[in-house]
Amino acid sequence: MNRLLQKFLAERQMEYLTVDGDFNIQETSQGVQRFADIPDEVGEGKDVRDCFPELFGLEDALESVMSGDQTSFDLKGIDRTSDPKSPLYFDIIAMKNEPDEDLSGRLIIFFEDATQQRVNQQKYVQSLNKANLFLATLEATNSYIDKIITSMADALFVTTVSGQIQKVNQAAQDLFGYSAEELITRSISTIITTEDLLRQFSLCDHTPFNHIEVSCRKKTGEKVLVSFSCAVFQTDIHELQNLIYIGRDITDRKRMEAQLKQVNEDLTLSVSKLKERNSEITLLSELSHRLQECRTLKDAYRVIAKQVKPLFPDLVGGVFTIEISQHILEAVAVWGNPLLSQNPTKLRLPPVQNGVGDNLSHTLGKFLHPDSPPAEYYWVPMMTQQETIGLFYLSSLEVGKLTERRQKLAMTVAEHIGLALANLQLRETLKNQSIQDPLTGLYNRRYMEETLEREIDRAARSHQELGIIILDIDHFKRFNDTFGHQAGDAVLQAVGRALKKNIGSGDMACRYGGEELVVMTQGTNLELTRKHAEQLRLVVRSMRVEYDSKFLGCITISLGVACFPKHGKTLQELIQAADAALYRAKASGRDRVIAAEQLSAVQAIS
């Protein structure tokens, strides 16, 4: 190839090759391989279509170029990107190789690097799309703002810093009787006649004002008081800064003030009733506060007996919980009758006969008034999520004490008590859930650390030993990568079940983190702990775990063993010792148990 052509191709980032009539490569430039689908296949005598599969199916077009029927053949925009960070696009140009050229072959094929051009095109399209999106957003925003301004019930004026009106809404036109055309470009002083206010609000001051009663003038000359607020609409361009005035006719406000005055007079008449209610609200708030402080149901029962009595000082009452499955009522708090025991008392639910309400009321009345039946009573079920958890009961030996207002108060008190008792019951349930790992069912790390600290202190006081086993599932990442994370979860669950099944009643197993688990054995020396660890290793190795009807393969674990107080006197020291042994077990080939003592010996030898 002559030097001039080489220089031209180099400047255009072009390479070439020539082929004969059978499409076999005759000659290539040095860098043509980087455009090939299989670079190693580019070479003399190789079929060009194997290197550039894009040419398959184009033989007729290429032969037409060879025969001279067609001057050239182009193939644009070929993507040979293997790494998104390093894209490669190129164009193919096929031309007939004239006999007098210093190249062998009937066809010369040029490959021109078009990557930068394609990248620039993509960036241009992206920039254009962003610009169009911005313009569309801006247009939508302007349209939205116009709709808001148009729909406002308050009058709105937008003016320049000098006070020239730029925009008004329909409410302003309706209030002052001008059309928009009559107001645009006129001064705001056409509307606001209080000149001192206009001078006070200057751009230099930048101090907005809110709800100032301003004397204004309508088109008819009529003066009207308007509550105006004004602020500066800030922009980076000084000339584009505007003032925004928003005004409201205060005629309606004056009317509302008159109505409020009447309301205040009515409220004054209700002060005596409110004082009475205020006392009840204060006591109810105190009850709620005390119930929120309770940590157990027993604490709540004591608070109820003490705090509810002042709300109903002249009534006898009680709170009863229900155990429907056992047909039992339990009096957990009673007040108003000094003869009643403050200890929880169980009552059998009466059978349903003429009416469950009558039978129940009779049972409760007889319990709270053993000497004589009450003259009137009222009870409210305490509900939570459509379930009755108890009853709130009030009674009196005199008629007329249980007024409608006191019955409503009883319903409120019952609601507060029911909610508090339900929350305490839920708290006890959640406490149990909070100490377990939801995936494996083992104890979680926080609970393990709290428990191990106590067990280490106990072992130190009683001069006993305590074993710690840290184990790790071998090649756990492979299970996730091969079968998916749900399969990895299945492996963790299977190992967790194996641990729970194969530890002693006083021992504890927990999920320490990820695929790392910890087992504590009480009262075991290093040898017993190591043997226990070996048993666990064999149990796990013998498991057959399937997920989605697929066998997940052999599961093995590596285990590190340490013992209190031999390898540490604190939880951190024991965990570090066992973890170091675990590390050695994994480094030694996995699927084995290494004790902290063995680790020290191995390190000493090495």
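In short, a report on the structure. No experiment lies behind these values; they were computed from the predicted model shown.

### Considering the overall build of the protein chain
Point 1. Along the protein chain, the regular secondary structure elements total 18 helices and 22 strands.
Point 2. Split into buried and exposed, the 606 residues of the protein chain put 41% on the buried side.
Point 3. Taking contacts inside the protein chain between residues at least 6 apart in sequence as the whole, the part at least 24 apart equals 53%.
Point 4. For the protein chain, the exposed surface amounts to about 35200 Å²; the carbon and sulfur share of it is 51%.

### Brief notes about the sheet that holds strand S4 (residues 89–96)
Point 1. Strand order in the open sheet formed by 5 strands is S2-S1-S5-S4-S3, and the pairing between neighbours is antiparallel. Either end of the sheet is taken by a strand with one partner, and the two such strands are strand S2 (25–28) and strand S3 (72–79). Averaged over all pairs of adjacent strands, the angle between strand axes in this sheet comes to 20°, irrespective of strand direction.
Point 2. In the sheet, S3 pairs with S4 via 6 bridges, with the strands oriented antiparallel. Across the sheet, residue Asp79 finds its bridge partner in S4, namely Tyr89.

### A short note on the environment of Ala422
Point 1. Along the chain, Ala422 turns up in helix H12 (residues 404–434).
Point 2. Measuring from C-alpha to C-alpha, the distance between Ala422 and Leu297 comes to 9.6 Å, with 125 residues separating the pair along the chain.
Point 3. For Ala422, the residues in contact, after removing those within four places along its chain, are Thr384 and Ile389.

### Here we look at the pattern of salt bridges
Point 1. Going through the model one piece at a time under the given rule, you end up with 30 salt bridges.
Point 2. With a closest N to O distance of 2.5 Å, Glu54 and Arg80 form a salt bridge. One end of the pair, Glu54, is in the loop between helix H2 (48–51) and helix H3 (59–67); the other, Arg80, is in the loop between S3 and S4, and 26 residues separate them in sequence.
Point 3. Take Arg80: its relative accessible area is 14%, and that puts it in the buried class.
Point 4. Salt bridges here are not isolated pairs; linked through shared partners, they connect Glu534, Arg537, Arg541 and Asp591.

### Focus: unusual backbone geometry
Point 1. With omega at 5°, the peptide bond leading from Phe564 into Pro565 counts as cis.
Point 2. Tracing the backbone shows Pro565 in the loop between strand S21 (557–564) and helix H17 (571–587).
Point 3. One non-glycine residue with positive phi stands out, namely Ser549, at about 65°.
Point 4. Inspection of the secondary structure assignment puts Ser549 in the loop between strand S19 (546–547) and strand S20 (550–551).
Point 5. On the basis of relative accessible area, Ser549 is assigned to the exposed category, the value being 74%.

### Thoughts on the packing of aromatic side chains
Point 1. Counting across every chain of the model gives 12 aromatic pairs.
Point 2. Geometrically, the ring pair formed by Phe157 and Phe176 is tilted, given 5.9 Å between the ring centres and 55° between the ring planes. Note that Phe157 is positioned in strand S6 (residues 155–160) and Phe176 in helix H5 (residues 170–176), a separation of 19 residues in sequence. Grouping residues by exposure puts Phe157 and Phe176 together as buried.
Point 3. Members of the aromatic cluster, each reached through a chain of ring pairs, are Phe35, Phe52, Phe90 and Phe111.

### Remarks on the pairing of strand S15 (residues 387–396)
Point 1. Among the 10 residues of S15, 8 are classified as buried, and the element is accordingly described as predominantly covered.
Point 2. In the sheet, strand S11 (residues 316–323) pairs with S15 via 6 bridges, with the strands oriented antiparallel. Counted as the bridge partner of Gly317 is Leu394 from S15.
Point 3. As judged from the 9 bridges shared by strand S14 (residues 376–384) and S15, these two strands associate in the antiparallel manner. If you follow Trp379 over to S15, its bridge partner there is Tyr393.
Point 4. Turn length for the S14-S15 hairpin, with the two strands adjacent in sequence and antiparallel, is 2 residues, and the turn residue Gln385 shows positive phi of about 55°.

### Quick word on a nonpolar patch on the surface
Point 1. Where nonpolar side chains cluster on the molecular surface, the patch consists of Tyr124, Val125 and Leu128 and spans about 300 Å² of accessible area.
Point 2. Among the secondary structure elements, Tyr124 is positioned in helix H4 (residues 115–151).
Point 3. The exposure class of Tyr124 is exposed, given its relative accessible area of 56%.

### Let's talk about the sheet that holds strand S9 (residues 223–233)
Hydrogen bonds between backbone groups are what pair the strands of a sheet, and the pairing can be parallel or antiparallel.
Point 1. Read across the open sheet, the 5 strands follow the order S7-S6-S10-S9-S8; overall the sheet is antiparallel. Bordering the open sheet on either side are strand S7 (165–168) and strand S8 (209–217), each of which pairs with just one other strand. Pairwise comparison of adjacent strand axes, ignoring direction, gives a mean angle of 30° for this sheet.
Point 2. Here S6 runs beside strand S10 (residues 242–249); their pairing, made up of 6 bridges, is antiparallel.

### Structural notes on H17
Point 1. The end-to-end C-alpha distance of H17 is 24 Å, a good match for the 24 Å that 17 residues give at a rise of 1.5 Å each.
Point 2. Those residues of H17 that sit buried are Leu571, Leu574, Ile575, Ala577, Ala578, Ala581, Leu582 and Ala585. Axial view of H17: buried residues confined to an arc of 165°, hence all on one face. The outward face of H17, more than 90 degrees from its buried face, is lined by the exposed residues Gln572, Tyr583 and Ala587.

### Regarding the nonpolar core
Point 1. Counting residues in hydrophobic clusters, the biggest one holds 34 residues, and the most contacted among them are Phe312, Phe392, Val413 and Ile417.
Point 2. Those elements giving two or more residues to this core turn out to be helix H9 (271–293), helix H10 (297–307), strand S12 (328–335), S14, S15 and H12.
Point 3. A total of 9 residues in this core trace back to one element, the largest contributor, which is H12.
Point 4. Every residue in contact with Val413, bar those within four places of it in the chain, is listed here: Leu284, Leu287, Val308, Leu311, Phe312 and Phe392.
Point 5. In this structure, Ala494, Val519, Met543 and Val561 belong to the second largest nonpolar core, which totals 31 residues.

### Some words on the environment of Leu499
Point 1. On the secondary structure map, Leu499 appears in helix H15 (residues 485–501).
Point 2. Leu499 gets classed as buried once you look at its relative accessible area, which sits at 0%.
Point 3. Considered as a pair, Leu499 and Val518 are 19 residues apart in the sequence and their alpha carbons are 9.6 Å apart.
Point 4. Ignoring anything within four residues of it in the chain, the contact list for Leu499 reads Leu442, Leu471, Ala509, Leu517, Val519 and Leu536.

What counts as what
- Residues numbered from 1 in each chain as written.
- Predicted model: local features only at pLDDT ≥ 70, side-chain atom pairs only at ≥ 80, totals over all residues.
- Heavy atoms only, no water.
- Helix = DSSP H or I, 4+ residues; strand = E, 2+ residues; numbered from the N terminus.
- Buried < 20%, exposed > 50% of the residue type's maximum accessible area, 1.4 Å probe, protein only.
- Contact = heavy atoms within 4.5 Å.
- Areas by Shrake-Rupley, 256 points an atom, 1.4 Å probe, with all protein chains shown as cover.
- Pairing = 2+ DSSP bridges.
- Axes fitted to C-alpha atoms, helices over the stretch in contact; angles between N-to-C directions.
- Salt bridge = Lys/Arg side-chain N within 4 Å of Asp/Glu carboxyl O.
- Phe/Tyr/Trp six-rings, centres within 6.5 Å; stacked < 30°, edge-to-face > 60°.
- Patch = residues over 30% accessible without salt bridge, like charges linked within 9 Å, V, L, I, M, F, W, Y side chains within 5 Å.
- Expected span 1.5 Å × (residues − 1).
- Arc of directions from axis to C-beta.
- Core = buried A, V, L, I, M, F, W, Y, C linked by side-chain atoms within 4.5 Å.

Keep in mind these values describe shape, not function.
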